[in-house]
Amino acid sequence: MQMSDSREIAAPRDVVFQAILDPEVLKACVPGCTEMSGSAEEGFEATVVQKVGPVKATFKGQVTLSEMDPPNSVTLSGEGKGGAAGFAKGGAKVDLAENAEGGTTLTYEVEAKVGGKLAQLGSRIIDGFAKKMADQFFENFQTAVEGPSEEGEDEGGEDGAKKGWLKRLVKG
């Protein structure tokens with residue numbers, strides 16, 4: 001399964017690149033991620049709980065970053081084992097380019113493969129799930145970097161308004 005898309009992020013390219021390397025940002029962005037540890041240099045270990053069709057599984061695996069060209073591009077590759085449910089592996093090539101508004105255009109190409117019980121669900125279910133996961137990750141990533149939209153901010157929410165990664169970086 002392969003797909004690609006792009007997003008406009010209202011933050012400088014070097015800030016977006018640093019966010020991709022941050023385990024806390026990645027943990028917040030990966031749907032179902034319960035644990036994320038490690039570093040960009042050594043790779044990350046992650047635990048992700050997901051339900052795909054009738055199959056619910058806890059995947060434990062590694063994410064490695066390669067082909068780093070700061071602040072232009074990076075490739076994220078991951079593989080997780082979900083016990084009896086099977087395995088999932090894939091990667092995303094992420095390219096960053098400055099846009100006219102002073103923000104960043106993030107373009108990604110994703111490839112994913114599954115095996116075991118998951119593979120028996122059929123390509124329609126798997127492809128739909130993989131697309132949803134990728135869209136959700138990059139939407140979460142955009143929100144983490146930019147912070148919540150102005151109309152969506154709620155000062156009374158937990159810890160006041162939730163701050164995006166960029167806002168926490170700038171405001172300390």
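Residues numbered from 1 in each chain as written. Predicted model: local features only at pLDDT ≥ 70, side-chain atom pairs only at ≥ 80, totals over all residues. Heavy atoms only, no water.

## Re the overall build of the protein chain
Scanning the protein chain for helices and strands turns up four helices and seven strands. In the protein chain, the succession of α and β elements from N to C terminus is β-α-α-β-β-β-β-β-β-α-α. The buried share among the 172 residues of the protein chain stands at 40%. Partitioning the contacts of the protein chain with sequence separation of at least 6, the portion at a separation of at least 24 is 49%. When the accessible surface of the protein chain is summed, it comes to about 9600 Å², and 49% of that surface belongs to carbon and sulfur atoms. (Helix = DSSP H or I, 4+ residues; strand = E, 2+ residues; numbered from the N terminus. Buried < 20%, exposed > 50% of the residue type's maximum accessible area, 1.4 Å probe, protein only. Contact = heavy atoms within 4.5 Å. Areas by Shrake-Rupley, 256 points an atom, 1.4 Å probe, with all protein chains shown as cover.)

## Some remarks on helix α1 (residues 13-20)
In terms of residue burial, α1 counts as a mostly covered element, since six of its eight residues are buried. Among all positions of α1, only R13, V15, V16, F17, A19 and I20 are buried.

## Section: the environment of P12
Position of P12 among the secondary structure elements: in the loop between β1 (2-9) and α1. Those residues in contact with P12 that sit more than four places away from it in its chain are G102 and T104.

## Section: the confidence of the model for the protein chain
Predicted coordinates in areas of low pLDDT are best not read in detail. Of the residues in the protein chain, 86% reach a pLDDT of 70 or more, and the chain-wide mean stands at 87. When pLDDT is averaged over each element of the protein chain, α1 comes out on top at 96 and helix α4 (residues 165-171) at the bottom at 55. Taken as a whole, residues 152-162 scores under 50 in pLDDT and shows eight contacts with residues more than four places along the chain or in a different chain. (pLDDT = per-residue confidence, 0-100.)

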